[in-house]
Amino acid sequence: MTSEMPHIVIAVDGPAAAGKGTLSRRLSEHYGLRHLDTGLTYRATAKALLDRGLPLDDEDLAAEIARGLDLSGLDRSVLSAHDIGEAASRVAVMPKVRRALVEAQREFAGIEPGAVLDGRDIGTVVCPDALIKFYVTASPEVRARRRHDEIVGNGGEADLASILSDIEKRDARDTGRADSPLRPAPDAHLLDTTEMGIEAAFEAARHLVDAALER
Ligand code: DC
């Protein structure tokens, strides 16, 4: 790499619990880029509605909240709660909410020296001109197992069957919605972490990013 770094945007998409968060963090640390988990922006919008006792199905209201969101104040430990994820997937179907959040996400991606963004529509909608795109996936069973082990590892209680059923429902909602459904961009590199694990996925991704930077 030369001393003059180009503006780098790395897009990472995929379903829930596929490992895209870990992969994105590793890539952002490695390349010295900022990282945005765009799921947190949908979660923060939903939480603001829940906190104020406002309905989750009023699109204009949700969009107004989304427009006022401060991306620097996203707290993963609070926003990762299960009920917030459920509410987030309901506001994420609303085109006006998506428009507001996509605009904020693009602004984040535009700041030097670039960023890693992960979500569902980064390669397809938010940053279609990203330097490189990844689509990270794994079987629903493996994703449910990882989520289960993570909760138990943090001292919580978890039921594998209900986590699997939630993941399947979330997948159906994310891939089935009309606006910006979850799908791989045609030029995305597919990383299936079912067998290879996240460390191997990071190594594979790093080689692909290095090759893209050489070009
Ligand atoms: O990845 P997550 O579980 O934090 O995402 C929460 C919800 O937000 C999920 O239902 C998908 C949605 N989402 C989206 O529609 N587009 C994104 N870029 C990121 C998340």
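Above this note sits the structure.
A brief look at the structure comes next. (Residues numbered from 1 in each chain as written. Predicted model: local features only at pLDDT ≥ 70, side-chain atom pairs only at ≥ 80, totals over all residues. Heavy atoms only, no water.)

### Structural notes on the overall build of the chain
Thought 1: A tally of helices and strands in the chain yields 10 helices and five strands.
Thought 2: By the compact-globule yardstick of 17 Å for 215 residues, the chain fits well, its C-alpha radius of gyration being 17 Å.
Thought 3: Taking all 215 residues of the chain together, 43% fall into the buried category.
Thought 4: For the chain, the share of sequence-separated contacts (at least 6 apart) that also reach a separation of at least 24 residues comes to 79%.
Thought 5: Split by element, the accessible area of the chain, about 10600 Å² in all, is 51% carbon and sulfur. (Helix = DSSP H or I, 4+ residues; strand = E, 2+ residues; numbered from the N terminus. Rg over C-alpha atoms; globule rule 2.2 N^0.38 Å. Buried < 20%, exposed > 50% of the residue type's maximum accessible area, 1.4 Å probe, protein only. Contact = heavy atoms within 4.5 Å. Areas by Shrake-Rupley, 256 points an atom, 1.4 Å probe, with all protein chains shown as cover.)

### Regarding helix α3 (residues 59-67)
Thought 1: Within the span of α3, buried status applies to A62, A63, I65 and A66. Down the axis, α3 shows its buried residues gathered within 160° of arc, on one side only. In α3, the exposed positions angled more than 90 degrees off the buried face are occupied by E64 and R67.
Thought 2: Residues of α3 that are buried make contact with α2 (39-51) and α6 (95-110).
Thought 3: Sitting at the amino-terminal end of α3 is D58, which places a side-chain oxygen 3.2 Å from the backbone nitrogen of D60. (Arc of directions from axis to C-beta. Polar contact = N/O pair within 3.5 Å; in protein donor to acceptor, adjacent residues only side chain to side chain.)

### Looking at the site of the ligand
Thought 1: Taken together, 14 residues lie near the ligand, and R43, S89, R98, R120 and R177 sit nearest.
Thought 2: Contact distances for the ligand include 2.9 Å between a nitrogen atom and a side-chain N or O atom of T38.
Thought 3: In the model, a nitrogen atom of the ligand is placed 2.8 Å from a nitrogen or oxygen of the D121 side chain.
Thought 4: Bound to the protein, the ligand loses 95% of the 450 Å² it would expose on its own.
Thought 5: Those elements that place two or more of their residues in the shell around the ligand are α2, α5 (82-91) and α9 (160-176). (Near = heavy atom within 4 Å.)

### Overview of the sheet that holds strand β5 (residues 189-192)
Thought 1: Strand order across the open sheet formed by five strands is β2-β3-β1-β4-β5, with parallel pairing between neighbours. Looking along the sheet, the strands with just one partner apiece sit at the ends: β2 (34-37) and β5. The sheet shows a mean angle of 20° between the axes of neighbouring strands, direction not considered.
Thought 2: As paired strands, β2 and strand β3 (residues 114-119) are joined by four bridges and run parallel to one another. (Pairing = 2+ DSSP bridges. Axes fitted to C-alpha atoms, helices over the stretch in contact; angles between N-to-C directions.)

### Some thoughts on the pattern of salt bridges
Thought 1: Applying the stated criterion to the full structure yields 15 salt bridges.
Thought 2: Of the charged contacts, one joins R26 and E199 as a salt bridge, the two residues approaching to 2.5 Å between their closest N and O atoms. Residue R26 is located in helix α1 (residues 20-31), and its partner E199 is located in helix α10 (residues 193-214); the two are separated by 173 residues in the primary sequence.
Thought 3: Since its relative accessible area comes to 29%, R26 is described here as partly exposed.
Thought 4: By relative accessible area, E199 is classed as partly exposed at 44%.
Thought 5: In this structure, the salt-bridge partner of D174 is R120, at a minimum N-O distance of 3.0 Å. With D174 in helix α9 and R120 in the loop between β3 and α7 (122-126), this residue pair connects regions lying 54 residues apart in the sequence. (Salt bridge = Lys/Arg side-chain N within 4 Å of Asp/Glu carboxyl O.)

### Some details on the side chain of T137
Thought 1: Here T137 is to be found in strand β4 (residues 132-137).
Thought 2: The contact partners of T137, leaving out residues within four places of it in the chain, are P15, A18, L190, L191, D192, T193 and T194.

### Brief notes about the packing of aromatic side chains
Thought 1: Applying the stated rule across the entire model yields zero aromatic pairs.
Thought 2: Over the ring of F202 we find R26; its NZ or CZ atom is 4.2 Å from the centre of that ring.
Thought 3: Lying over the aromatic face of F108, R34 brings its terminal NZ or CZ to 4.0 Å of the ring centre. (Phe/Tyr/Trp six-rings, centres within 6.5 Å; stacked < 30°, edge-to-face > 60°. Lys NZ or Arg CZ within 6 Å of the ring centre and 35° of its normal.)

### Some remarks on the side chain of T38
Thought 1: By the secondary structure assignment, T38 is in the loop between β2 and α2.
Thought 2: Residue class for T38 comes out buried when judged on its relative accessible area of 2%.
Thought 3: Those residues within four positions of T38 in sequence are excluded, and the remaining contacts are Q105, L117, D118, G119 and I122.

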